[in-house]
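Structural features, examined
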Amino acid sequence: MRLLCVVILSVTLFCWSQYVRGQGAALPINYERKFSKVELRADFRYLRSILEQEHPGINWYTSKESMNIAFEDAYKKIADEMTEKDFGLLLKPLIAKIRCGHTDLRFSPETRKWERAKNRSFILPLGFFIQGDRLFIARNESNDASLVLGSEVLEIEGNTAGKILRTLRKYLPSDGYGEAFKDATLEAGFFDEYYLSVFGGKEKYQISIKNSQGEVKSQILEFKPRVPTGNRPPRLSKEDETQRRLTRLRGLSFPKEVASTALLRISSFSYDDYESFLMTHERFFQEIEQNHAANLIIDLRQNSGGNHEIALDLMKYLMDSTFVLTSHAEAPVMIPSFILNNDVEEQDASRAFSERIVKKCGEGTYCLNVPSVGKHKPYEQYRFKGNLYILIGEQTFSAASSFVASLKEQRKATLVGRETGGGEAGCNGGIISTVVLPATKLRLQFPHFRITTAVKAPNIGRGVIPNVNVEYTIQERLNKADLELEKTYELIRRAEISKLGH
């Protein structure tokens with residue numbers, strides 16, 4: 001059952017799908033209806049009551065006093081009339097203040113469709129790498145083919161890169177106090193959507209660019225659609241398409257660059273959609289044992305979560321003794337009010353909140369009663385006892401970051417990369433609902449359980465910190481270098497040389 005820390009990769013401002021990068025389609029019916037202050041205030045009070053009474057971690061990172069001030073400030077800013085989009089833009093920074101990567105706000109399907117169609121002519125023609133408060137060109141889809149990738153963008157429409165980034169980050173949810181997960185979301189293809197939502201779009205943009213020689217040039221850029229070549233690859237069969245997806249999700253290899261080493265790549269804990277993860281893990285670790293691998297590298301840099309039970313089963317092959325992946329999964333209420341009122345979208349309430357799944361575990365506290373919570377014993381067969389290296393980064397989130405945090409707490413492993421996007425202490429997740437606000441139809445994405453890892457250290461609101469930090473230059477990113485893997489190979493070679501020396 002996919003319950004704990006369900007992945008929410010689409011942690012976008014309003015979870016828009018990528019709009020078509022083309023032009024000519026007719027706009028749908030105008031959905032920019034304005035709502036009265038009475039309607040908006042009613043929706044606001046409803047949203048606030050849900051968050052204050054039923055969110056499992058509303059004060060995990062932000063004090064009750066600070067949240068009260070934020071609620072009151074947002075309430076005062078409700079205008080006499082507002083569109084759904086304007087109201088959503090008002091609420092989004094308030095939602096982000098909770099500092100929960102699984103709590104988000106999105107438009108109604110009708111408004112999403114309207115915004116996608118309206119913005120087809122306003123596409124930002126550049127994609128970016130983000131480094132601190134600086135923007136660098138990672139992709140050029142403009143009318144100027146001479147732009148050099150890696151050049152720094154200083155301003156867009158008179159706004160500095162720093163101002164743009166600091167503004168957009170206010171609308172993005174993330175776990176705790178880290179900003180890297182927000183930047184990773186923007187880099188993943190959502191920068192233009194956030195930019196258009198907050199700053200507005202134009203057919204042409206005035207952009208100030210500094211090249212590698214330090215020369216600054218201001219120019220007008222517009223999106224230039226790619227000309228179709230007509231050479232489309234043949235359509236894959238259903239079986240081949242499934243295999244391609246599985247290959248992207250997970251894979252085991254034995255790199256030639258280092259001896260006696262296995263590389264297990266897992267980009268998502270979601271391959272149970274296509275196969276039995278129990279059989280897959282057994283096959284992988286049997287192969288690792290048969291190849292006498294003394295070193296195992298697990299690459300979780302792109303893993304934004306998924307089925308917590310996949311993480312649990314993987315951990316059973318890595319631990320030496322009884323261990324914990326999830327320490328607790330607690331909710332403030334047994335069944336949320338909006339479930340009883342049927343104000344949710346696509347939610348099987350009877351299945352998600354049955355007494356078999358949720359049980360009272362203290363005064364005013366209810367626990368998620370699933371097998372993956374609590375203590376577990378490792379497997380005896382094919383258990384890996386060698387040197388373990390984990391590659392992590394800002395996209396390591398939700399169930400993946402919980403896996404890394406709990407494993408690091410209970411087993412010797414070397415973590416290589418950058419701080420995880422998901423919190424070391426855990427996350428708010430488990431069962432996740434989409435609550436529909438009565439008037440505006442905005443969707444509040446809402447987790448029900450506060451889920452904690454096996455980490456005993458105080459929660460400081462950060463992700464899992466690597467043992468070996470790896471940072472990239474812009475040129476290394478353009479060259480698609482894999483510094484984490486190279487560094488890990490180096491660590492393995494050094495360990496082997498050191499062993500021979502003794």
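Provided above is the structure to which this section pertains.
These remarks concern the structure in this document. Given the structure is predicted, the values throughout are model-derived calculations rather than measurements.

What counts, and where the lines are drawn
Residues numbered from 1 in each chain as written. Predicted model: local features only at pLDDT ≥ 70, side-chain atom pairs only at ≥ 80, totals over all residues. Heavy atoms only, no water. Axes fitted to C-alpha atoms, helices over the stretch in contact; angles between N-to-C directions. Helix = DSSP H or I, 4+ residues; strand = E, 2+ residues; numbered from the N terminus. Parallel < 35°, antiparallel > 145°, perpendicular 65-115°, else oblique. Contact = heavy atoms within 4.5 Å. Nonpolar A, V, L, I, M, F, W, Y, C, P; charged D, E, K, R; others polar. Buried < 20%, exposed > 50% of the residue type's maximum accessible area, 1.4 Å probe, protein only. Pairing = 2+ DSSP bridges.

Focus on the packing of helix H1 (residues 37-54) against helix H2 (residues 64-76)
Where H1 contacts H2, the axes come no closer than 11 Å and their chain directions differ by 170°. The pairing of H1 with H2 is recorded here as roughly antiparallel in orientation. Across from Arg41, Phe44, Arg45, Arg48, Leu51 and Glu52 in H1, the residues of H2 making contact are Asn68, Phe71, Glu72, Ala74 and Tyr75. Within the contact of H1 with H2, the residues separate by chemical class into 5 nonpolar, 1 polar and 5 charged.

A word on the pairing of strand S20 (residues 426-436)
Across the 11 residues of S20, 10 count as buried, placing the element largely inside the fold. One ladder, built from 9 bridges, connects S20 with strand S21 (residues 443-452); its direction is antiparallel. Bridged to Asn428 within S21 is Arg450. Following S20, the chain reverses through 6 residues before pairing antiparallel with S21; Lys441 in that reversal takes a positive phi of roughly 70°.

As for the sheet that holds strand S10 (residues 250-253)
Sheet architecture is open: 6 strands sit in the order S10-S11-S12-S18-S19-S22, paired in mixed fashion. Taken across any chain shown, the strands that pair with only one partner, and hence form the sheet edges, are S10 and strand S22 (468-469). Bridge count between strand S12 (residues 295-299) and strand S18 (residues 387-392): 5 bridges; the pairing is parallel. Paired with Ile297 across the strands is Tyr389, a residue of S18.

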